[in-house]
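A look at the structure
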Amino acid sequence: MSRFISILAAFVALIITSCEKVDNTSEENVDATSGASKPSGNNENDGQGVSDGKTLIIVFSRAGENWQVGIVDKGNTMVMAEYIQEATGADLFEIVPENAYPQSYSDMLTVATNEKDAGARPKFKGAVDNLEQYANVFIGGPIWWGEPPMILHTFCEAYPALGGKTLIPFGTHGGSGIGSYSTLLKSYYPDAKYAESLGISGASIREAASKTAVQEWVRKIGLEKKTQQ
């Protein structure tokens, strides 16, 4: 009987060890203490490195009521974009919808769901000036229903020239990661170069650890401010 118990205990220990190894390879790669996602690549082009030249940040973000955050004057992804701008010295273009999304989070989800189901292309205001001067372009936004908002499709279709640049996906999420940004961009720009992407939990983006994660990521991909031309 004691031999049987020893064998059973060893078997249980093996199962526990295997489960721990699976958990450590989580796709979201979220830091358990801060919620900040560690830098991680999301497609086979990630890690090619950035190009010499100027850098642009393109961001869509929504203020108002945000999940697990409450009502904010500045959207979660805009907070992240400003961290990137501070670290890189890059220019920033905000994608602003012609028709603003509702302030209520639940109402926004209804609108976003309808847009997704209809394959809508929401219009945005303004235009990127002198896109040809930029070699590296950060592109990011929030995750809605596991994917980028449909307005990102509108933007990508309006700027086919982005395919000749190094693209750097980023964004905020509620637990799903931001791998779908790399997927979206690659579907429009399959021949572009892609540097390593970064996703951070929207609920933790205002924490000091999240800002540090952005700074370390920018330094790792070679775009910290001292490299700007």
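Residues numbered from 1 in each chain as written. Predicted model: local features only at pLDDT ≥ 70, side-chain atom pairs only at ≥ 80, totals over all residues. Heavy atoms only, no water.

Quick look at the overall build of the chain
Heads up, the rule is: Secondary structure elements are taken from DSSP: a helix is a run of H or I of four residues or more, a strand is a run of E of two residues or more, and numbering for both begins at the N terminus. Here, two residues are considered to be in contact whenever any of their heavy atoms come within 4.5 Å of each other.
Within the chain, the regular secondary structure consists of six helices and ten strands. Considering only contacts within the chain whose residues lie at least 6 apart along the sequence, 82% involve residues at least 24 apart.

Considering the pattern of salt bridges
Quick note on the threshold: Throughout this description, the term salt bridge denotes a Lys or Arg side-chain nitrogen within 4 Å of a carboxyl oxygen of Asp or Glu. Only protein chains enter the accessibility calculation, which uses a 1.4 Å probe. A residue is then buried if its area is under 20% of the maximum for its type, exposed if over 50%, and partly exposed in between.
Summed over the entire model, instances satisfying the criterion amount to seven salt bridges. A salt bridge links Lys-74 to Glu-82, with the nearest nitrogen and oxygen atoms 2.8 Å apart. The closest approach of N and O atoms between Lys-211 and Glu-86, which form a salt bridge, is 3.2 Å. In this pair, Lys-211 sits in helix α6 (residues 208-221) while Glu-86 sits in helix α2 (residues 76-88), placing the two residues 125 residues apart along the sequence. By relative accessible area, which is 26% here, Lys-211 ends up partly exposed.

Quick word on the packing of aromatic side chains
This is how the line gets drawn: A pair of aromatic rings is counted whenever rings of Phe, Tyr or Trp (Trp by its six-membered ring) have centres within 6.5 Å, and the orientation is called stacked for planes under 30 degrees apart, edge-to-face for over 60 and tilted otherwise.
Per the stated rule, a full pass over the model turns up nine aromatic pairs. Taking 6.4 Å as the distance between ring centres and 75° as the angle between the ring planes, the aromatic pair formed by Phe-138 and Phe-170 counts as edge-to-face. Note that Phe-138 is positioned in strand β7 (residues 134-142) and Phe-170 in strand β8 (residues 166-173), a separation of 32 residues in sequence. Comparing Phe-138 with Phe-170 shows no difference in burial state: the two are buried. Note on Phe-138 and Trp-217: the rings are 5.5 Å apart at their centroids and 80° apart in plane angle, and the pair reads as edge-to-face. In this pair, Phe-138 sits in strand β7 while Trp-217 sits in helix α6, placing the two residues 79 residues apart along the sequence. Site record: aromatic cluster; members linked through ring pairs are Phe-93, Phe-124, Phe-155 and Tyr-159.

Things to note about the environment of Pro-102
Locating Pro-102 in the fold gives a position in the loop between β5 (96-97) and α3 (105-118). In this structure Pro-102 comes out as partly exposed when scored by relative accessible area, which is 24%. Considering only alpha carbons, one finds Pro-102 and Gly-64, 38 residues apart in sequence, at a separation of 7.9 Å. Setting aside chain neighbours within four positions, we find Pro-102 in contact with Arg-62, Asp-107, Met-108 and Val-111.

With respect to the confidence of the model for the chain
The following threshold applies: Per-residue confidence from the predictor is reported as pLDDT, which spans 0 to 100.
A residue-level look at the chain finds 77% of positions with pLDDT of 70 or above and a mean pLDDT of 82. Under a pLDDT of 50 for its full length, residues 2-45 has, in the predicted model, 52 contacts with residues more than four places off or in other chains.

Quick notes on the nonpolar core
How we decide: Here, nonpolar core means buried Ala, Val, Leu, Ile, Met, Phe, Trp, Tyr and Cys residues that are tied together by side-chain atoms lying within 4.5 Å of each other.
Core analysis: the biggest nonpolar cluster contains 31 residues, and Ile-58, Ile-95, Phe-155, Leu-162 and Tyr-189 have the highest contact counts within it. When contributions to this core are tallied by element, the ones reaching two or more residues are β1 (54-59), α3, β7, α4 (150-158) and α5 (179-188). In terms of residue count, the dominant contributor to this core is α4 (four residues). When sequence neighbours within four positions are dropped, the list of residues in contact with Tyr-189 reads Cys-156, Tyr-159, Pro-160, Leu-162, Gly-163, Leu-167 and Tyr-194. Membership of the second largest hydrophobic core comes to 23 residues, among which are Ala-213, Val-218, Ile-221 and Leu-223.

Here's the deal with α4
With seven of its nine residues buried, α4 lies for the most part within the structure. Three or more residues of α4 are buried, namely Met-150, Ile-151, Leu-152, His-153, Thr-154, Phe-155 and Cys-156.

Some words on unusual backbone geometry
The phi torsion at Gln-68 lies on the positive side, around 65°, for a residue other than glycine. With respect to the helices, strands and loops of the structure, Gln-68 is situated in the loop between β2 (64-66) and β3 (70-72). One non-glycine residue with positive phi stands out, namely Trp-145, at about 55°. Topologically, Trp-145 is positioned in the loop between β7 and α4.

Re the environment of Gln-85
Here is the rule we go by: In protein, a polar contact requires one atom able to donate a hydrogen and another able to accept it; more generally it is a pair of N or O atoms within 3.5 Å, and residues adjacent in sequence count only if both atoms are side-chain atoms.
Among the structural elements, Gln-85 can be located in helix α2. Judged by its relative accessible area of 30%, Gln-85 is partly exposed. Sequence separation of Gln-85 and Glu-224 is 139 residues, and the distance between their C-alpha atoms is 9.4 Å. Engagement of the side chain of Gln-85 in a polar contact is seen with the backbone oxygen of Ala-90, the distance being 3.2 Å.

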